[in-house]
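# Descriptive analysis of the structure
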Amino acid sequence: MIHGSNLDEFLSDLDRYAAIGVLTPQLTADTLRRYLKGGLIVPEDLCDGEASGYSQRLLHASPSHSVVVLTWLPGQRTPIHDHIAWCVSGVVEGAEVDESFRLWRPAGSGRKVLAPAGRTTCTPGRVQLLVPPDEDIHRVSNGGTGRAVSLHVYGADISDNGGSSINRVFGQAVVAIPPAGSTLVSWRDTPSRRESIHS
Ligand SMILES: [Fe+2]
């Protein structure tokens, strides 16, 4: 797909790195940071928001990586989720709030609790790197009063997952401070592929 801007060069660079087997999360983050610093242009028709919820437009999908433009209108946010692979994101316009969570099991209980583990406000040029299992449960929301646009690169072919980068949605887990005696739940001990966590 030709976009008529340096977005094409960014996509070509990632393809070239993938072709020679060096496309790591860190190299992807460094490359995206360099393009954002130089003024990465995302065509307007890829940035339109949708009143029904945050929007995503798939620019590229291959076995090595996928690239998506995500747009949040004011007040919009993702569910709490994790991903099918590593994720590098960079803000193009506006402000995004990234909240991270850890999953705990209270002592003597089969329930699971999501504990807030950090909150970062990202403005244009800021690049975030999420690598499962330790950094991967999060929620992203528009942190400003205008449109927020970001590029996301995932280390997998998300077209294999119906075009979604999301692995699990933690829709029914309780967000709370874990009580004493709680045990951190391993990423690998929990259901995958869009199964909700039932408390
Ligand atoms: Fe995400």
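Everything below is about the structure shown above.
Let me sum up the structure you'll find in this document. Everything numeric in this text was worked out from a predicted model, so none of it was measured.

### Observations concerning the coordination of the iron ion
- Only His 81 (NE2), His 83 (NE2) and His 138 (NE2) from the protein reach the iron ion as donors, at distances of 2.1 Å.
- All donors to the iron ion come from one chain, and their sequence spacing reads H-x1-H-x54-H.

### Overview of the pairing of strand β5 (residues 96–105)
- Sheet topology note: the β5/strand β6 (residues 113–122) ladder contains 9 bridges and is antiparallel. In the strand pairing of β6, Glu 99 is matched with Arg 119.
- As paired elements, β5 and strand β8 (residues 138–142) share 5 bridges and run antiparallel to each other. In the sheet register, Val 97 faces β8, and the bridge partner there is Ser 141.
- Of the strand pairs in this sheet, β5 and strand β12 (residues 183–184) are connected by 2 bridges, and their pairing is antiparallel. For Trp 104, the partnering residue across the bridge sits in β12 and is Leu 184.

### A look at helix α2 (residues 25–38)
- Taking 1.5 Å as the rise per residue, α2 with 14 residues should run 20 Å; its terminal C-alpha atoms sit 20 Å apart, in good agreement.
- Those residues of α2 that sit buried are Pro 25, Thr 28, Ala 29, Thr 31, Leu 32, Tyr 35 and Leu 36. Around the axis of α2, the buried residues are gathered within 165° of arc, so they sit on the same side. Away from its buried face by more than 90 degrees, α2 exposes Lys 37 and Gly 38.
- Packing partners of the buried residues in α2 comprise α1 (6–19), β4 (87–93), β7 (127–130) and β9 (148–154).

### Observations regarding the packing of aromatic side chains
- Scanning all chains against the criterion turns up 2 aromatic pairs.
- Arranged with centres 5.4 Å apart and planes meeting at 70°, the rings of Phe 10 and Tyr 35 form a pair that is edge-to-face. With Phe 10 in helix α1 and Tyr 35 in helix α2, this residue pair connects regions lying 25 residues apart in the sequence.
- Among the residues examined, Phe 10 registers a relative accessible area of 0% and is labelled buried.
- For the pair Tyr 54 and Trp 72, a centre-to-centre distance of 5.6 Å together with 10° between the ring planes defines the contact as stacked. Here the residue Tyr 54 occupies a position in the loop between α2 and β1 (55–61), and Trp 72 occupies one in strand β2 (residues 66–72), the gap between them amounting to 18 residues.

### Structural notes on the sheet that holds β7
- Sheet architecture is open: 5 strands sit in the order β1-β2-β9-β4-β7, paired in antiparallel fashion. On the outer flanks of this sheet lie β1 and β7, each paired with one strand and no other. When strand polarity is set aside, the average angle formed by the axes of neighbouring strands in this sheet is 20°.
- Note that β4 and β9 share 6 bridges and pair antiparallel. Bridge pairing in β9 links Gly 90 to Leu 151.
- The sheet strands contacting α1 are β1, β2 and β9, and the helix crosses β9 at an angle near 20°.

Rules used in this analysis
Residues numbered from 1 in each chain as written. Predicted model: local features only at pLDDT ≥ 70, side-chain atom pairs only at ≥ 80, totals over all residues. Heavy atoms only, no water. Donors = N, O, S within 2.8 Å, 3.2 Å for Na, K, Ca; no water. Pairing = 2+ DSSP bridges. Helix = DSSP H or I, 4+ residues; strand = E, 2+ residues; numbered from the N terminus. Expected span 1.5 Å × (residues − 1). Buried < 20%, exposed > 50% of the residue type's maximum accessible area, 1.4 Å probe, protein only. Arc of directions from axis to C-beta. Contact = heavy atoms within 4.5 Å. Phe/Tyr/Trp six-rings, centres within 6.5 Å; stacked < 30°, edge-to-face > 60°. Axes fitted to C-alpha atoms, helices over the stretch in contact; angles between N-to-C directions.

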